[in-house]
Amino acid sequence: MGNNVDKLIWTATEIVNLVDVLAWPLASVALVFLLRSKLSGFLNGFFNRNNVTELSAGSFTAKFTQSKQGANNLEDKQEKVATMPHAGEDATEFLTRLSQNETKTSKNILKNIQSHISSLGLSGNKAIEVLEIELSLTQARIYFLDLNRVLYRSQYNLLTLLKDNSGKLAESEVSIFYEKVKSNFPLVFGSTELINYLAYPMRVSLIEKNGSCYCLTDYGDSYLSFMDKNSHLIMELNQN
């Protein structure tokens, strides 16, 4: 019994050492408790601006990339690459631009196209028509692939839901859809309003607001047709 009592008697030096060991952990816990609301706001803001692109379990690591749908993001200012070209460009300016952008690779592709057209036995207006169609398909593919760099998977799912419902959903139905998205990805969309979530697909004319409904545009319908023919690209979308 006496030995057990002796073991409970600590020297002043041992008490000081114990306090020194516990001081920082206790202070850290107290600091987190006091700043929990600000910390929560910071994390919500961080995950609204960034996406998890890589995750590993061993010695936990995570890689983040900045979201390209932020209102002040430079990417948004350049997103009009997904806008259809306009007629009326001056011929001289057009030819000059083509010449300035030619590369060795583009010249080799041109030779291959010319050889292909020749092998098909096409000439004159028919050859021009075929080339025009091929050019339109190529440009459309560029536009759609450009969208894929920015669009969230859940936004793509919303587009497919619109298409499955004759291209139209009531605002209340879209709100219900988005609440489910928020519950699945609270860190990403927890503090994001519906209007901000829809800002990008509306800005690039995938969907539009018509009264109290959201509607799929012809551009949005064309994008879905492209993705349906290239379904492997769906898994490459930002998985949020």
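Definitions and cut-offs
Residues numbered from 1 in each chain as written. Predicted model: local features only at pLDDT ≥ 70, side-chain atom pairs only at ≥ 80, totals over all residues. Heavy atoms only, no water. Helix = DSSP H or I, 4+ residues; strand = E, 2+ residues; numbered from the N terminus. Buried < 20%, exposed > 50% of the residue type's maximum accessible area, 1.4 Å probe, protein only. Contact = heavy atoms within 4.5 Å. Areas by Shrake-Rupley, 256 points an atom, 1.4 Å probe, with all protein chains shown as cover. Pairing = 2+ DSSP bridges. pLDDT = per-residue confidence, 0-100. Expected span 1.5 Å × (residues − 1). Salt bridge = Lys/Arg side-chain N within 4 Å of Asp/Glu carboxyl O. Core = buried A, V, L, I, M, F, W, Y, C linked by side-chain atoms within 4.5 Å. Axes fitted to C-alpha atoms, helices over the stretch in contact; angles between N-to-C directions. Parallel < 35°, antiparallel > 145°, perpendicular 65-115°, else oblique. Left-handed = near helix turned anticlockwise from the far one by under 90°. Phe/Tyr/Trp six-rings, centres within 6.5 Å; stacked < 30°, edge-to-face > 60°.

Enquirer: I'd like a rundown of the overall build of the protein chain, residues and numbers included.
Expert: Of the regular secondary structure elements, the protein chain holds 13 helices and five strands. For the protein chain, buried positions account for 26% of its 240 residues. Of the contacts made within the protein chain by residues no fewer than 6 positions apart, 58% connect residues no fewer than 24 positions apart. Looking at the protein chain as shown, the accessible area adds up to about 16800 Å², and 59% of this sits on carbon and sulfur atoms.

Enquirer: Can you explain unusual backbone geometry? Please cite residues and give values.
Expert: Phi is positive for serine 166, close to 60°, though the residue is something other than glycine. Classification of serine 166 by relative accessible area gives exposed; the value is 74%. Positive phi, close to 65°, is recorded for serine 205, a residue that is not glycine. Turning to its location among the elements, serine 205 is positioned in the loop between helix H12 (199-203) and strand S4 (207-210). The class for serine 205 is partly exposed, based on a relative accessible area of 39%.

Enquirer: Please give an account of the pairing of strand S5 (residues 213-216) that cites residues and values.
Expert: Looking down a regular strand, the side chains alternate between one sheet face and the other. Both faces of S5 are covered, namely the face carrying Cys213 and Cys215 and the face carrying Tyr214 and Leu216. Across four bridges, S4 lies against S5 in antiparallel orientation. The residue bridging asparagine 210 from the neighbouring strand is cysteine 213, located in S5. Following S4, the chain reverses through two residues before pairing antiparallel with S5; glycine 211 in that reversal takes a positive phi of roughly 65°.

Enquirer: Which residues make up the confidence of the model for the protein chain, and what values do they have?
Expert: Overall, the predicted model of the protein chain reaches an average pLDDT of 78, with 63% of residues at or above 70. Under a pLDDT of 50 for its full length, residues 71-83 has, in the predicted model, 25 contacts with residues more than four places off or in other chains.

Enquirer: So what's going on with helix H8 (residues 153-164)? Which residues, and what values?
Expert: Helix length check: H8 (twelve residues) gives 17 Å between terminal C-alpha atoms against 16 Å at 1.5 Å per residue, within 8%. Three or more residues of H8 are buried, namely Ser154, Gln155, Tyr156, Leu158, Leu159 and Leu162. Within two residues after H8, serine 166 carries a phi angle of roughly 60°, on the positive side.

Enquirer: Which residues make up the pattern of salt bridges, and what are the values?
Expert: Summed over the entire model, instances satisfying the criterion amount to four salt bridges. For glutamate 129, the salt bridge goes to lysine 126, with nearest N and O atoms at 3.7 Å. Taken together, the positions of glutamate 129 and lysine 126, both in helix H7 (residues 124-148) and three residues apart, correspond to about one turn of that helix. Taking the relative accessible area as the measure of exposure, glutamate 129 reaches 37% and is therefore partly exposed.

Enquirer: Which residues make up the environment of leucine 216, and what values go with them?
Expert: Considering the arrangement of structural elements, one finds leucine 216 in strand S5. Sequence separation between leucine 216 and leucine 158 is 58 residues, and the spatial gap between their C-alpha atoms is 9.7 Å. In this structure, leucine 216 is in contact with Leu159, Leu162, Lys163, Gly167, Leu206, Ile207, Asp221 and Leu224, ignoring residues within four places of it in sequence.

Enquirer: Lay out the nonpolar core in plain terms, naming residues and giving numbers.
Expert: Generally speaking, a soluble globular protein has its nonpolar side chains buried in company with each other. Formed by 34 residues in total, the largest nonpolar core has its most connected members in Leu159 and Tyr223. Elements that contribute at least two residues to this core include exactly H7, H8, helix H9 (171-184), helix H10 (186-189), helix H11 (194-197), S5 and helix H13 (218-229). Take this core: its biggest share by element is five residues, from H13. Ignoring any residue separated from it by four or fewer positions in sequence, one finds leucine 159 in contact with Leu151, Leu206, Ile207, Leu216, Tyr223 and Leu224.

Enquirer: Could you give me a rundown of helix H6 (residues 104-119), with the residues and numbers involved?
Expert: Here H6 spans 23 Å end to end across 16 residues, near enough to the 22 Å set by a 1.5 Å rise per residue. Two residues or fewer after H6 comes glycine 121, characterised by a positive phi angle close to 75°.

Enquirer: Let's hear about the packing of H8 against H9: which residues, and what values?
Expert: Two numbers describe how H8 lies on H9: the axes approach to 11 Å, and their chain directions differ by 150°. For the element pair H8 / H9, the angle class is roughly antiparallel. Between H8 and H9 the crossing geometry is right-handed. Together, Ser154, Asn157, Leu158 and Leu161 of H8 and Val174, Phe177 and Val181 of H9 make up the contact between the two elements.

Enquirer: Could you give an account of the packing of aromatic side chains, naming the residues involved and the relevant values?
Expert: Summed over the entire model, instances satisfying the criterion amount to nine aromatic pairs. Ring geometry for phenylalanine 185 versus phenylalanine 189: centroids 6.4 Å apart, planes at 85°, classification edge-to-face. Taking relative accessible area as the criterion, phenylalanine 189 reaches 3% and is therefore assigned buried. Through a chain of ring-to-ring contacts, three or more aromatic side chains come together here, namely Phe144, Tyr156, Tyr219, Tyr223 and Phe226.

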